[in-house]
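Chain by chain, the residues:
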Protein chains: 2
Amino acid sequence: MSFVIPTLKTLALKGATKEFISVSTRLFGKTLGISQQMASNRLVKLAEMELIKRRRSGRGGQDILITREGMALLRKEYGDYQRIFQEARDIELSGKVSSGLGEGQYYLGQVEYIDQIEQMLGFKPFPGTLNITVTPEEYSKLDLLPDSAIIQIGGFEADGRTFGKADCIPASIDKIECAIIIPKRSHHTDVLEIISASQLRSKLKLEDGDGVIVNCKLRHCNFEA
Amino acid sequence: MSFVIPTLKTLALKGATKEFISVSTRLFGKTLGISQQMASNRLVKLAEMELIKRRRSGRGGQDILITREGMALLRKEYGDYQRIFQEARDIELSGKVSSGLGEGQYYLGQVEYIDQIEQMLGFKPFPGTLNITVTPEEYSKLDLLPDSAIIQIGGFEADGRTFGKADCIPASIDKIECAIIIPKRSHHTDVLEIISASQLRSKLKLEDGDGVIVNCKLRHCNFEA
DNA sequence: ATTACTAACAAGCGAGTAC
DNA sequence: TGTACTCGCTTGTTAGTAA
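Residues numbered from 1 in each chain as written. Chains lettered and ligands numbered in written order. Predicted model: local features only at pLDDT ≥ 70, side-chain atom pairs only at ≥ 80, totals over all residues. Heavy atoms only, no water.

1. Things to note about the overall build of chain A
Looking only at helices and strands, chain A has 8 helices and 12 strands in total. Counting only C-alpha atoms and orienting by the principal axes, one finds that chain A spans roughly 60 × 45 × 40 Å. Classification of the 225 residues of chain A by burial places 46% in the buried group. Put simply, 65% of the contacts in chain A that link residues at least 6 apart link residues at least 24 apart. Summed over its atoms, the accessible surface of chain A is roughly 12,000 Å², and 49% of this surface lies on carbon and sulfur atoms. Mean positive and mean negative side-chain charge positions of chain A (30 and 29 charges, respectively) differ by 9 Å. (Helix = DSSP H or I, 4+ residues; strand = E, 2+ residues; numbered from the N terminus. Buried < 20%, exposed > 50% of the residue type's maximum accessible area, 1.4 Å probe, protein only. Contact = heavy atoms within 4.5 Å. Areas by Shrake-Rupley, 256 points an atom, 1.4 Å probe, with all protein chains shown as cover. Lys, Arg positive; Asp, Glu negative; His and termini not counted. Charge placed at Lys NZ, Arg CZ, Asp CG, Glu CD.)

This is the structure we're talking about:
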């Protein structure tokens, strides 16, 4: 699957990031230095992976648009290069405090999750989340994070039910240590759920609609064991 | 050769950009999701291509450092992503006017070169170059340019001599149209040679040591024919 | 513990071709 | 024009192993 990134990148450079662009397999193959057949094959596979959307256009042609997942892949790649050239400005997400129970809330009622969070993040979470509504553009900044910045919370089974996995991203709000928690299954793109050792809403005197900035913590990545 | 970029990128993320880092083929393979043998193989090939430098370190280990050529490759890749995410700030190189005959000068005495420049760049070059001394860091910004921004001037033979190729990059200085000319063979990393329709030195009233900024022109890239 | 060879296998690729 | 299938050939990959 080593062709995925270069192929996607080439499509992105042609402008398939925002709208459908017309792509012929012959010309596309030429720009990639491969045959028409392989170009066709790659587009088929990319479509199967749901990294691009394809649409037939009159007399045999086709139009291509990169999906959200595809863009997330490219954005992560971009983040890598920013880090290489040390222009990785800190990743900050800004949004507004909002009410409503998120799914992350649910995690804080399960002992297995609480124990994992305490062990992995170093604090015992307050049993409640602070919800922050962000724009999809802000949300997509999370894709810039390297894998090393993401802490996986494992799922488990209890009472015959399965409890899913979640990603945690260590962060801070107004210098207060916290973490973004993202349940693996559910894909919102507009609300961040924040956990912390204390109740952030009262500690920071936040009310619905107040603007907040979440600073994601980056760690240096080393070889894995 | 599709492994080159991902392998180099991984090494860069580990810190092989500035100094030798210790790399074991087993662990390196693990981070790349390939076998120890393949990791070894890739490092050998990267070294053959002179994209990395290798050095043995005690009891079988090895140290890796990415070469200038390797970094140039990564920087070009980085430029692509900047363009995808539309954060491609204009590429500007700043330096100081200097004297001395550059090699580019030589091109402007050959009719075959003059004709090509006029045809490709749209102006008949003044028979002399403006030399601009830049830091290696500034110079390396040229690696961010996409291939589509670079115009190739072909070589030729005459009088039993071979005359080499050159790259031209359309640019401007103080809104005056010009181009950077880079002979293919010679690798300076500290002086830019500028050609233009008129004598820039007199037109812009420049003297040795004056600071100038060269703005590279980017064109939109489309599918090639 | 290393690195890197060889041999067997798998995956990637392009030519030819059908639609 | 266009896409995409099958079929050989080539290349990439791993296991086993030597150093």
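Anyway, onward from the coordinates.
2. Points about the protein's contact with DNA strand C
Ser35 and Gln37 of chain A together with Thr25, Gln36 and Gly60 of chain B are the nearest of the 17 residues found near DNA strand C. Sugar plus phosphate, as a fraction of atoms of DNA strand C within 4 Å of the protein: 61%. Among the elements that take part in the surface near DNA strand C, helix 3 (residues 36-48) of chain B stands out by supplying 4 residues, more than any other. Partitioning the surface near DNA strand C into residue classes produces 5 nonpolar, 9 polar and 3 charged. (Near = heavy atom within 4 Å. Nonpolar A, V, L, I, M, F, W, Y, C, P; charged D, E, K, R; others polar.)

3. Describing the protein's contact with DNA strand D
If you check the shell around DNA strand D, you find 16 residues, and the closest are Thr25 and Gln36 of chain A together with Ser35, Gln37 and Met38 of chain B. When atoms of DNA strand D within 4 Å of the protein are split into backbone and base, the sugar-phosphate part holds 60%. Here a phosphate oxygen of DNA strand D sits 3.2 Å away from a polar atom, N or O, in the side chain of Gln62 of chain A. Counting residues per element, the ones that place at least two in the surface near DNA strand D are helix 3 (36-48) and strand 2 (52-57) of chain A together with helix 3 of chain B. (Polar contact = N/O pair within 3.5 Å; in protein donor to acceptor, adjacent residues only side chain to side chain.)

4. Description of the sheet that holds strand 2 of chain A
Residue and element names in this part refer to chain A. If you walk across this open sheet you meet the 3 strands as 1-3-2, and the pairing is antiparallel. Only two strands of the sheet have a single neighbouring strand rather than two, namely strand 1 (21-23) and strand 2. Each adjacent strand pair in this sheet contributes to an overall mean axis angle of 40°, direction not counted. Where strand 2 meets strand 3 (residues 61-66), 6 bridges bridge the pair, whose relative direction is antiparallel. By the bridge assignment for strand 3, Arg54 is matched with Ile64. (Pairing = 2+ DSSP bridges. Axes fitted to C-alpha atoms, helices over the stretch in contact; angles between N-to-C directions.)

5. With respect to a negative patch on the surface
On the surface, Glu112, Asp115, Glu118 and Asp159 of chain A cluster together into a patch of negative charge. You can see Glu112 of chain A is positioned in helix 6 (residues 111-121). (Patch = residues over 30% accessible without salt bridge, like charges linked within 9 Å, V, L, I, M, F, W, Y side chains within 5 Å. Salt bridge = Lys/Arg side-chain N within 4 Å of Asp/Glu carboxyl O.)

6. Notes on the sheet that holds strand 2 (residues 52-57) of chain B
All names here are of chain B. Strand order in this open sheet of 3 strands is 1-3-2, and the pairing throughout is antiparallel. Lying at the two open borders of the sheet, with one neighbouring strand each, are strand 1 (21-23) and strand 2. When the angles between neighbouring strand axes are averaged without regard to direction, this sheet yields 40°. Most of the contacts of helix 1 (residues 4-14) go to strand 3 (residues 61-66), to which it runs at about 100°, and overall it touches strand 1, strand 2 and strand 3.

7. Looking at the pattern of salt bridges
All chains considered together, the criterion is met by 22 salt bridges over all chains. Among the salt bridges present, the one from Asp143 of chain A reaches Arg75 of chain A, with a minimum N-O distance of 3.3 Å. Residue Asp143 of chain A is found in the loop between helix 7 (136-140) and strand 6 (151-153), and its partner Arg75 of chain A is found in helix 4 (residues 68-84); the two are separated by 68 residues along the sequence. The partner of Asp208 of chain B in a salt bridge is Arg201 of chain B, with the nearest N and O atoms 3.0 Å apart. Where salt bridges share partners, they join Lys9 of chain A together with Glu77, Asp80 and Arg83 of chain B into one cluster.

8. Digging into the pairing of strand 4 (residues 92-98) of chain B
Along a regular strand, successive side chains alternate from one face of the sheet to the other. All names here are of chain B. Two elements, strand 4 and strand 12 (residues 211-216), share 5 bridges in a ladder whose sense is antiparallel. From the neighbouring strand, Glu92 faces strand 12, where its bridge partner is Asn215. Across 3 bridges, strand 4 lies against strand 5 (residues 130-133) in antiparallel orientation. Residue pairing across strands places Val97 opposite Ile132, the latter belonging to strand 5.

9. Re the relation of the copies chain A and chain B
Rotating chain A by 180° and translating it 0.1 Å along the rotation axis places it on chain B, where the RMSD comes to 0.1 Å. Such a combination of rotation and displacement between the chain copies is what one expects of a two-fold axis. (Least-squares fit on C-alpha atoms with pLDDT ≥ 70 in both.)

10. Some thoughts on the interface of chain A and chain B
With 31 residues of chain A at the contact, the number on the chain B side is 31 residues. Here chain A and chain B share an interface that buries about 3,100 Å² over both sides, 66% of which is from carbon and sulfur atoms. Where chain A packs against chain B, one counts 6 salt bridges. Contributing elements (two or more residues each) for the side of chain A that touches chain B: helix 1 (4-14), strand 1, helix 2 (25-32) and helix 4 of chain A. Sort the elements by how many residues they give to the side of chain A that touches chain B and helix 4 of chain A lands first, with 10 residues. Residues that form the side of chain A that touches chain B fall into these classes: 15 nonpolar, 6 polar and 10 charged. (Buried area = accessible area lost by both parts, 1.4 Å probe.)

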